[in-house]
Amino acid sequence: MTQGFNLKRVEAELRDVRRQLVSLLGLREETKVERTADEMDQIQEAESRELAARNLDSLARQLRLVDEALDRIEEGDYGICVECDEEIGLKRLTAVPWAQRCLRCQEASERIEARRSRSALPNAA
Ligand SMILES: [Zn+2]
């Protein structure tokens, strides 16, 4: 586990985010999304044109990530990349406490996803 990392505080933060997500999902309100992190902001901006349904999708996905992070805290393998088993890194975990992958693996998986969604477009060459 990453040295000097305040796991208790991260857990409290994750539980707090979780509460917010649960209440947002329960309310089905797409206009009052709390900004929890940069990653959330990017999702918000990218989807600002078709908020309603997609917003619920991203909230549900976010909730799953938060739940999984809490599970990993309990199991004692929090902060370890699910792809390469390396430490995710203090800086990244501070910015994105529910991160599952180190930055390198995350970028790789986003590239794959971007390619997949591009090829799903009707006019893709
Ligand atoms: Zn990795």
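Here the structure is a predicted model, which is why all the values come from computation and not from measurement.

> Sorry, what's going on with the pattern of salt bridges here?
Once the charged atoms of two side chains with opposite charge are near each other, the side chains can pair. For the structure on display, the rule yields five salt bridges. When the shortest N-O distance is used, the salt bridge between Asp67 and Arg18 registers 2.4 Å. Of the two residues, Asp67 is situated in helix H3 (residues 51–75) and Arg18 in helix H1 (residues 7–27); the sequence distance between them amounts to 49 residues. Across the pair Glu83 and Arg101 runs a salt bridge whose closest N-O atoms are separated by 2.9 Å. Placement of the pair is Glu83 in the loop between H3 and helix H4 (90–95) and Arg101 in the loop between H4 and helix H5 (103–119), with a sequence separation of 18 residues.

> Any chance you could explain H5 here in plain terms?
In an α-helix there are 3.6 residues to a turn, and that puts residues three or four apart on one side. Taking 1.5 Å as the rise per residue, H5 with 17 residues should run 24 Å; its terminal C-alpha atoms sit 24 Å apart, in good agreement. By the burial criterion, the buried members of H5 are Cys105, Gln106 and Ser109. All buried residues of H5 project into a common sector of 100° when viewed along the axis, lining one side. Those residues of H5 that are exposed and angled more than 90 degrees off the buried face are Arg104, Arg115, Arg118 and Ser119. Residues of H5 that are buried make contact with H4.

> Explanation requested: the coordination of the zinc ion in the structure shown.
Expected angles at a metal are 109.5 degrees for tetrahedral coordination by four donors and either 90 or 180 degrees for octahedral coordination by six donors. Taken together, Cys81 (SG), Cys84 (SG), Cys102 (SG) and Cys105 (SG) make up the protein donors of the zinc ion, found 2.3 Å from the metal. Mapping the donors of the zinc ion onto the primary sequence yields the spacing C-x2-C-x17-C-x2-C. Taken together, the positions of Cys84 in the loop between H3 and H4 and Cys105 in helix H5 put the pair 21 residues apart, joining distant regions of the chain. For Cys105, a relative accessible area of 14% corresponds to the buried category.

> Mind showing me how you'd approach the environment of Leu21 here?
Mapped onto the secondary structure, Leu21 falls in helix H1. The spacing of Leu21 and Ala60 is 39 residues in sequence and 7.8 Å in space, taken between C-alpha atoms.

> When you look at the nonpolar core in this model, what are you seeing that I'm missing?
Across soluble globular proteins, nonpolar side chains have a tendency to be buried as a group. By size, the foremost hydrophobic cluster in this structure holds 23 residues, and its most contacted members are Val10, Leu14, Leu21, Val66, Tyr78, Leu93 and Trp98. Elements with a contribution of two residues or more to this core: H1 and H3. When residues of this core are assigned to their parent elements, the largest contribution, seven residues, is made by H3.

What counts as what
- Residues numbered from 1 in each chain as written.
- Predicted model: local features only at pLDDT ≥ 70, side-chain atom pairs only at ≥ 80, totals over all residues.
- Heavy atoms only, no water.
- Salt bridge = Lys/Arg side-chain N within 4 Å of Asp/Glu carboxyl O.
- Helix = DSSP H or I, 4+ residues; strand = E, 2+ residues; numbered from the N terminus.
- Expected span 1.5 Å × (residues − 1).
- Buried < 20%, exposed > 50% of the residue type's maximum accessible area, 1.4 Å probe, protein only.
- Arc of directions from axis to C-beta.
- Contact = heavy atoms within 4.5 Å.
- Donors = N, O, S within 2.8 Å, 3.2 Å for Na, K, Ca; no water.
- Core = buried A, V, L, I, M, F, W, Y, C linked by side-chain atoms within 4.5 Å.

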